[in-house]
Amino acid sequence: MALRQIVTLPDPVLRRKAKPVTNFGRELQTLIDDMIETMREAPGVGLAAPQVGISERLAVIEYAEEDDEDEETEVASEGVEVTIKPPTPKQLYVLINPEIVKASEEKVMGIEGCLSIPGLLGEVERHEALQVKALNRHGKPVKLKVAGWLARIFQHEIDHLNGVVFTDLAARIWQPKEEIEDNV
Ligand code: ZN
């Protein structure tokens, strides 16, 4: 595996509509592994192939959903109740030729950044939930239902495959003083 260089605006590859993946051979497998490594190193929670200069419909996403409903309450020996949150494992998604088949009417505002637009944040309205169909890394069709922040990441990455970046959609864009986390 190797790290790939992340391209930034105004690189024209970020503005191109990417082509569907048709070959699931070794070259694609290497690209996927490299993109996963590059995303983790950045660090980011998502990375689309155009962000490493490859105009193909492929994105990787790795994110742990913060699920408040899964909190477990334990009673400590002194009789004091403590809330222990189980660690949520990060889930890795490899999306090839993804298509949004259904999007919730409900939309939510959230703050996004992008590895290809360093130093900027924006407030973007996204569908709260999605149904997505895609192919996995072996070309097998998969259907996914995602909601909340994960649905936001999916929309951000699928936009990259269409040459769209978050600053095109943002209601407000600004330069934060602190370092940005959770870039995509
Ligand atoms: Zn991005």
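What comes next concerns the included structure. The model shown is predicted, which means the values in this text are computed figures rather than measured ones. (Residues numbered from 1 in each chain as written. Predicted model: local features only at pLDDT ≥ 70, side-chain atom pairs only at ≥ 80, totals over all residues. Heavy atoms only, no water.)

**Brief notes about unusual backbone geometry**
So, step 1. Looking along the chain, the bond that leaves Leu9 and enters Pro10 is cis, with omega of 10°.
So, step 2. With respect to the helices and strands, the residue Pro10 is situated in the segment before helix 1 (26-41).
So, step 3. Cis geometry marks the peptide bond from Ala42 to Pro43; its omega dihedral reads -10°.
So, step 4. You can see Pro43 is positioned in the loop between helix 1 and strand 1 (46-48).
So, step 5. Backbone geometry places Asn97, a non-glycine residue, at a positive phi of 45°.
So, step 6. When its relative accessible area of 18% is taken as the criterion, Asn97 is described as buried. (Helix = DSSP H or I, 4+ residues; strand = E, 2+ residues; numbered from the N terminus. Buried < 20%, exposed > 50% of the residue type's maximum accessible area, 1.4 Å probe, protein only.)

**Observations regarding helix 2 (residues 148-161)**
So, step 1. Taking 1.5 Å of rise per residue, the 14 residues of helix 2 would be expected to cover 20 Å, and the 21 Å separating its terminal C-alpha atoms lies within 8% of that figure.
So, step 2. Among the 14 residues of helix 2, 12 are classified as buried, and the element is accordingly described as predominantly covered.
So, step 3. Every buried residue of helix 2 is listed here: Leu150, Ala151, Arg152, Ile153, Phe154, Gln155, His156, Glu157, Ile158, Asp159, His160 and Leu161.
So, step 4. Phi turns positive one or two residues past the end of helix 2, at Gly163, with a value near 75°. (Expected span 1.5 Å × (residues − 1).)

**Quick notes on the pairing of strand 2 (residues 58-63)**
So, step 1. With 6 of its 6 residues buried, strand 2 lies for the most part within the structure.
So, step 2. What you see with strand 2 is no split at all: Leu58, Val60 and Glu62 on one side and Ala59, Ile61 and Tyr63 on the other are buried throughout.
So, step 3. Alignment of strand 1 against strand 2, held across 3 bridges, turns out to be antiparallel. Each residue of the ladder has a partner; that of Ala48, found in strand 2, is Ala59.
So, step 4. Across 6 bridges, strand 2 lies against strand 5 (residues 91-103) in antiparallel orientation. Each residue of the ladder has a partner; that of Tyr63, found in strand 5, is Gln91. (Pairing = 2+ DSSP bridges.)

**Brief notes about the packing of aromatic side chains**
So, step 1. Here the structure, examined in full by the defined rule, presents 1 aromatic pair.
So, step 2. With 5.4 Å between their ring centres and 75° between their planes, Tyr93 and Phe154 make a pair best called edge-to-face. Of the two residues, Tyr93 is situated in strand 5 and Phe154 in helix 2; the sequence distance between them amounts to 61 residues. You'll find Tyr93 and Phe154 in the same group, each marked buried. (Phe/Tyr/Trp six-rings, centres within 6.5 Å; stacked < 30°, edge-to-face > 60°.)

**Digging into the side chain of Arg57**
So, step 1. Within the fold, Arg57 resides in the loop between strand 1 and strand 2.
So, step 2. One buried charged residue, Arg57, forms no salt bridge at all, with the nearest opposite charge on Glu99 at 7.5 Å.
So, step 3. A polar side-chain atom of Arg57 sits 2.8 Å from a polar atom in the side chain of Asn162.
So, step 4. Those residues within four positions of Arg57 in sequence are excluded, and the remaining contacts are Lys17, Ala18, Lys19, Pro20, Val21, Leu95, Ile96, Asn97, Pro98, Leu161 and Asn162. (Lys, Arg positive; Asp, Glu negative; His and termini not counted. Salt bridge = Lys/Arg side-chain N within 4 Å of Asp/Glu carboxyl O. Polar contact = N/O pair within 3.5 Å; in protein donor to acceptor, adjacent residues only side chain to side chain. Contact = heavy atoms within 4.5 Å.)

**Points about the sheet that holds strand 7 (residues 121-127)**
So, step 1. Taken in spatial order, the 3 strands line up as 6-7-10 in an open sheet, and their pairing is antiparallel. For this open sheet the edge positions go to strand 6 (107-112) and strand 10 (172-174), each flanked by a neighbour on one side alone. On average, each strand axis in the sheet is tilted by 30° relative to the strand beside it, whichever way the strands run.
So, step 2. As defined by bridge partners, strand 7 adjoins strand 10 across 3 bridges and the pair is classed as antiparallel. Directly across from Leu121, in strand 10, lies its bridge partner Trp174. (Axes fitted to C-alpha atoms, helices over the stretch in contact; angles between N-to-C directions.)

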